[in-house]
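Coordinate inspection notes
Read off the chains here:
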Amino acid sequence: MPRSVSPASLIPTPATLGPDQPTMTHAEKIRDQLEHEIASGHLIPGVRLDESEIADRFGVSRTPVRQAFRLLAANEMVELKGRMGATVRKPSAQTVIEMFQVMAELEGLCARLAARRVTPELRMRMERTHAQLVDASRKSDVDGFYDINQAFHETIYEAASNHYLAEQTRRLRNKTAAYRRRVTFQPNRFASTLDEHSRVMEAIFSHNEEAAHSTMRDHVNLLSDDMRDFIASFQ
């Protein structure tokens, strides 16, 4: 059974939630921070969220923490289990495979639109981000590589110029974050990612919509038997 992990031990955040940002409730702020930690892969599937420790961390009572859990549950980021509290959602291996299938199509569509709409500024940003990935690969910086890789994909979302598509893609990406992060640790994944990104950029910069879609879709799609075994290891 997964052990209980306090998010406080993972990512530093302000100890209290002051009244200087009245546009968000305490529950929404806690929700956003926990969602970020799930999306970054620091909170893995099956981990129990400690209500008391989170309340202490943010300097609030348990009530907004419970409200935050309900908000996260509504987005299928956590599961509420009665007296056991909340745990990070742990979908079945088959569900994860299906999520990646949809994710691949969404990311492919982002790349297709980016090939049509990319600006010189975003092209330069994409190239800079890819260069940072190369540097992280040389340093064997797994955490840095993962974070920069997300920034690379974010640049493509922006280049697509479709806010609704970007939001839906991000939402599904956050749900698969733990699995995406662990993929980074697989042998030869750095080299494969850099090669795949190069082909995606080439297609986008040459305004080849079909190639951009297919190369990005193949980059994200995780349907091999080996990947099924990898995902099943979380179960």
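Now for the overall build of the protein. Counting secondary structure elements, the protein contains 11 helices and four strands. Here the contacts in the protein between residues at least 6 apart in sequence split such that 76% fall between residues at least 24 apart. Summed over all atoms, the accessible surface of the protein reaches about 11,900 Å², with 49% contributed by carbon and sulfur.

In contact at an axis separation of 10 Å, helix H5 (residues 120–138) and helix H9 (residues 189–205) are set at 170° when each is read in the N-to-C sense. Here H9 runs roughly antiparallel to H5, going by the angle between their axes. The crossing of H5 and H9 is left-handed. Along the contact surface, H5 presents Arg123, Met126, Glu127, His130, Leu133, Val134, Ala136 and Ser137, while H9 presents Phe190, Leu194, His197, Ser198, Met201, Ile204 and Phe205. Within the contact of H5 with H9, the residues separate by chemical class into nine nonpolar, four polar and two charged.

Bringing the nonpolar core into the picture now. With 31 residues, the main nonpolar core has Met126, Ile156 and Ile204 as its most contacted residues. Secondary-structure elements contributing two or more residues to this core are helix H4 (93–117), H5, helix H6 (142–160), helix H7 (163–175), H9 and helix H10 (209–220). It is H4 that contributes the most residues to this core, 11 residues altogether. What isoleucine 204 contacts, discounting residues up to four positions off in sequence, is Ala111, Ala114, Ala115, Val118, Met126, Ile156 and Ala212. Judged by nonpolar contacts, the second largest core, of 18 residues, contains Ile38, Ala55, Ala68 and Met77.

Further remarks concern helix H3 (residues 62–74). For H3, spanning 13 residues, the distance from its first C-alpha to its last is 19 Å, which sits close to the expected 18 Å at 1.5 Å a residue. Residues of H3 that are buried: Pro64, Val65, Ala68, Phe69 and Leu72. Within H3, the buried residues cover an arc of 150° as seen down the axis, which keeps them to one side. Against helix H1 (26–39), strand S2 (48–49), helix H2 (51–58), strand S3 (78–80) and strand S4 (86–88) lie the buried residues of H3.

Turning our attention to the pattern of salt bridges. Side chains bearing opposite charge may pair, as long as their charged atoms lie close to each other. One pass over the full model with this rule turns up 18 salt bridges. A salt bridge links arginine 123 to glutamate 127; the shortest N-O distance between them is 3.6 Å. Here arginine 123 pairs with glutamate 127, and both are found in helix H5, just four residues apart, close to one helical turn. Linking arginine 199 and aspartate 195 is a salt bridge whose minimum nitrogen-to-oxygen distance equals 3.4 Å. Placement of both arginine 199 and aspartate 195 in helix H9 is noted, with a separation of four residues, approximately one turn of the helix. For aspartate 195, a relative accessible area of 42% gives the class partly exposed. What emerges from the salt-bridge pattern is a single network uniting Glu154, Glu167, Arg170, Arg171 and Arg173.

Turning our attention to the side chain of serine 137. Here serine 137 shows up in helix H5. Relative accessible area serves as the criterion here: at 18%, serine 137 is assigned to the buried category.

Let's shift gears to the confidence of the model for the protein. One rule of thumb: low pLDDT means the predicted coordinates there are not for detailed reading. Per-residue pLDDT for the protein averages 84, and the proportion of residues at 70 or more is 84%. Contacts for the low-pLDDT stretch residues 18–22, under 50 throughout, to residues beyond four places or in other chains number two contacts.

Right, let's talk about the packing of aromatic side chains for a bit. In total, this model carries one aromatic pair according to the counting rule given. Look at phenylalanine 145 and phenylalanine 190: their rings are 4.1 Å apart centre to centre, the planes differ by 20°, and that puts the pair in the stacked class. With phenylalanine 145 in helix H6 and phenylalanine 190 in helix H9, the pair connects residues that are 45 residues apart, well separated along the chain. We classify phenylalanine 190 as buried; its relative accessible area is 15%. Taking NZ or CZ as reference, arginine 123 lies 4.2 Å from the ring centre of phenylalanine 205, over its face.

For H9, built from 17 residues, the straight-helix expectation of 24 Å at 1.5 Å per residue is met to within 8% by its first-to-last C-alpha distance of 24 Å. Listed in full, the buried residues belonging to H9 are Arg189, Phe190, Thr193, Leu194, Glu196, His197, Val200, Met201, Ala203, Ile204 and Phe205. Buried residues in H9 make contact with H4, H5, H6, helix H8 (177–183) and H10. Count one or two residues on from H9 and you reach histidine 207, which has phi positive near 60°.

How each quantity is defined
Residues numbered from 1 in each chain as written. Predicted model: local features only at pLDDT ≥ 70, side-chain atom pairs only at ≥ 80, totals over all residues. Heavy atoms only, no water. Helix = DSSP H or I, 4+ residues; strand = E, 2+ residues; numbered from the N terminus. Contact = heavy atoms within 4.5 Å. Areas by Shrake-Rupley, 256 points an atom, 1.4 Å probe, with all protein chains shown as cover. Axes fitted to C-alpha atoms, helices over the stretch in contact; angles between N-to-C directions. Parallel < 35°, antiparallel > 145°, perpendicular 65-115°, else oblique. Left-handed = near helix turned anticlockwise from the far one by under 90°. Nonpolar A, V, L, I, M, F, W, Y, C, P; charged D, E, K, R; others polar. Core = buried A, V, L, I, M, F, W, Y, C linked by side-chain atoms within 4.5 Å. Buried < 20%, exposed > 50% of the residue type's maximum accessible area, 1.4 Å probe, protein only. Expected span 1.5 Å × (residues − 1). Arc of directions from axis to C-beta. Salt bridge = Lys/Arg side-chain N within 4 Å of Asp/Glu carboxyl O. pLDDT = per-residue confidence, 0-100. Phe/Tyr/Trp six-rings, centres within 6.5 Å; stacked < 30°, edge-to-face > 60°. Lys NZ or Arg CZ within 6 Å of the ring centre and 35° of its normal.

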